[in-house]
Amino acid sequence: MKHIFLFTFLFFSLAVDAQNKKDIQPVFDAVKRPKNLSDSALLDLVQKQTFRYFWDFAHPVSGMARERSNEAYDYGSEVVTTGGTGFGVMAVIAATERKWIARDTAARFLLKMVKFLSKADAYHGVFPHWLNGTTGKTIPFSRKDDGADLVETSFLLQGLLCVRQYFNADNNIENELRNRINWMWNDVEWDWFTRDGREVLYWHWSPNNGWAMNFAVRGFNECLIMYVLAASAERYPVAASVYHKGWAESNFFKNGKKFYGIELPLGFDYGGPLFFSHYSFLGLDPRGLKDRYANYWEQNRNHTLINRAYCIDNPKAFKGYGENCWGLTASDTYNGYNAHSPTNDFGTITPTAALSAFPYTPEYSMKVLKHFYYNLGDKIWSEYGFVDAFNETKNWYAKSHLAIDQGPIIVMIENYRSGLLWNLFMSCPEVQHGLKKLGFESSRITSGKEKEMAETE
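Residues numbered from 1 in each chain as written. Predicted model: local features only at pLDDT ≥ 70, side-chain atom pairs only at ≥ 80, totals over all residues. Heavy atoms only, no water.

## A closer look at the pairing of strand 10 (residues 330-333)
Which entries qualify depends on this criterion: Two strands make a pair as long as DSSP finds a minimum of two bridges between them. Only DSSP runs of H or I with at least four residues qualify as helices, and only runs of E with at least two residues qualify as strands; both kinds are numbered from the N terminus onward.
Relative to strand 11 (residues 336-339), strand 10 runs antiparallel, the two being bridged by four bridges. Pairing of Ala-330 across the sheet is with Ala-339, part of strand 11. Hairpin geometry of strand 10 and strand 11 is characterised by an intervening segment of two residues between the two adjacent antiparallel strands.

So this is what it looks like as structure tokens:
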């Protein structure tokens, strides 16, 4: 009897030990990252590794992108982000096109997400900034920001319209995916956010607090896509005057000055954080895009070059800055979170800044990528690509990743390599109509082929 007990105990112990070993995932070791890669192989690796944030780390119930990889600011792992999910679905398209995931697998993943969104909290068709990834209930972004977020919803829809255009097969999964995206897109009451017909769009509205946030969105910043989509809508569009008298009329819209000998058509002095030239242009193709205010390729490229020139000049003598290490934008930093720019610089470099600028400055961005990967990779390369930010002066290296920073890296590198997301978004007939309505010109805007939709002017 004693021997039977001992045998049973040993068998059980070995089984538990084996299961424990099976459950233990290998710790990621940046030191063992591949070396001596070709430029193309390095871009492949960075895109694919960063994509894991939106695939392996996606919320298990909703499939949406989690706000960040670490728990901070008194919220937990249930928080998913509306805008970051928009960036994430564009990353899924890139991964599908590059055959890192199967098309059917991607379509089913996206359909699960869209079904979840169809039951999630929305206000006049507009989602909040944050949702609970399990229940779909609103998680307040701040005390009064507990309802609709039109900017975040615009980032989401920019991505979902690309999904609609890409997954165009005639089968049950992709048909339902397209139909559900169309329902969601057509449900957004853009005109509600003119706040009783004012000629500007408002960022927030809450059933509890109404218009208390009182944030009229004027340019120039990351929100151009919101005005383009609002003008493009079929059911609840806004007039072109909302763009021209709302977005384009502010004391920080036009610039025209030179910084480091580089002219900046629009925006704050020195251009502001680099995400201004990323978020709206993940889908909206700036190549040759012009209106009465600016050439948007020139705007985005010059903004990037000014940011780079400032870091090379390095007037505050921060450690590490130079032609191989530049890029100031919003990110985590050693003492919290900050929107870094040449006029708000504390020594923190954010990888997404230069890497998401690949279409604008490919040679310069590649130099930065190689420095980050080969020279700094022991400290900043991770299972989800590069960490959010680092500050060599403070000897601080983030452990975190943010959806809104990881997503543009994948998407903008893909736009540099193939133009994939730009081509998809610009193929939307509604977008073609909206851009023409607002007075944009581009070789990508076709004449007479866009959908006929009633003018609202």
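Next, the rest of the story.
## Considering unusual backbone geometry
For the bond running from Gly-219 to Phe-220, omega is 10 degrees, close enough to zero to count as cis. For Phe-220, the position within the fold is in the loop between strand 7 (216-217) and helix 7 (224-232). Positioned with a positive phi, Asn-214 is a non-glycine residue whose angle comes to about 50 degrees. By the secondary structure assignment, Asn-214 is in the loop between strand 6 (204-205) and strand 7. Non-glycine residue Tyr-260 carries a positive phi angle of around 55 degrees. With respect to the secondary-structure elements, Tyr-260 resides in the loop between strand 8 (258-259) and strand 9 (262-263).

## Here's the deal with the packing of aromatic side chains
Defined as follows: Each Phe, Tyr or Trp ring (for Trp, its six-membered ring) is paired with any other whose centre lies within 6.5 Å, and the angle between the two planes then decides the class: stacked below 30 degrees, edge-to-face above 60, tilted in between. To sort residues, take the accessible area from a 1.4 Å probe on protein chains only and compare it with the maximum for the residue type: under 20% means buried, over 50% means exposed, and anything in between is partly exposed. Two thresholds decide whether a charge sits over a ring: the Lys NZ or Arg CZ must be within 6 Å of the ring centre and within 35 degrees of the ring normal.
Within this structure, the stated rule accounts for 43 aromatic pairs. When the ring of Phe-358 is compared with that of Tyr-416, the centres are 5.2 Å apart and the planes differ by 40 degrees; the resulting orientation is tilted. One end of the pair, Phe-358, is in the loop between helix 10 (351-355) and helix 11 (362-375); the other, Tyr-416, is in helix 13 (residues 403-417), and 58 residues separate them in sequence. Here Tyr-416 falls in the partly exposed class, since its relative accessible area comes to 35%. With centroids separated by 5.1 Å and ring planes inclined at 80 degrees, the aromatic side chains of Tyr-373 and Trp-381 adopt a geometry described as edge-to-face. What makes Tyr-373 buried here is its relative accessible area of 0%. Trp-381 sits in the buried class, given a relative accessible area of 5%. Members of the aromatic cluster, connected to one another through ring pairs, are Phe-220, Tyr-227, Tyr-243, Trp-247, Phe-253, Phe-281, Tyr-293, Tyr-296 and Phe-440. When the ring centre of Phe-57 is taken as origin, the NZ or CZ atom of Arg-66, which lies over that ring, is 4.7 Å away. Seen from the ring of Tyr-166, Arg-103 lies directly overhead, with NZ or CZ sitting 5.1 Å from the centre.

## Looking at the sheet that holds strand 2 (residues 130-132)
Pairing in this open sheet of three strands is antiparallel, and the strands run 1-2-3 from one edge to the other. Whereas interior strands pair on both sides, the edge strands pair on one side only; in this sheet they are strand 1 (79-81) and strand 3 (138-139).

## Quick look at the state of the cysteines
Let me state the cut-off plainly: Only a pair of cysteine sulfur atoms within 2.5 Å counts as a disulfide in this structure description.
Under the defined criterion, the tally for this structure stands at zero disulfides. Left without a disulfide partner, Cys-311 is nearest to the cysteine sulfur of Cys-325, which lies 7.9 Å away. Free of any disulfide, Cys-428 has its nearest cysteine sulfur in Cys-162, 6.3 Å distant. Accessibility expressed as a relative area gives 0% for Cys-428, which makes it buried.

Nothing here speaks to function; it is geometry throughout.
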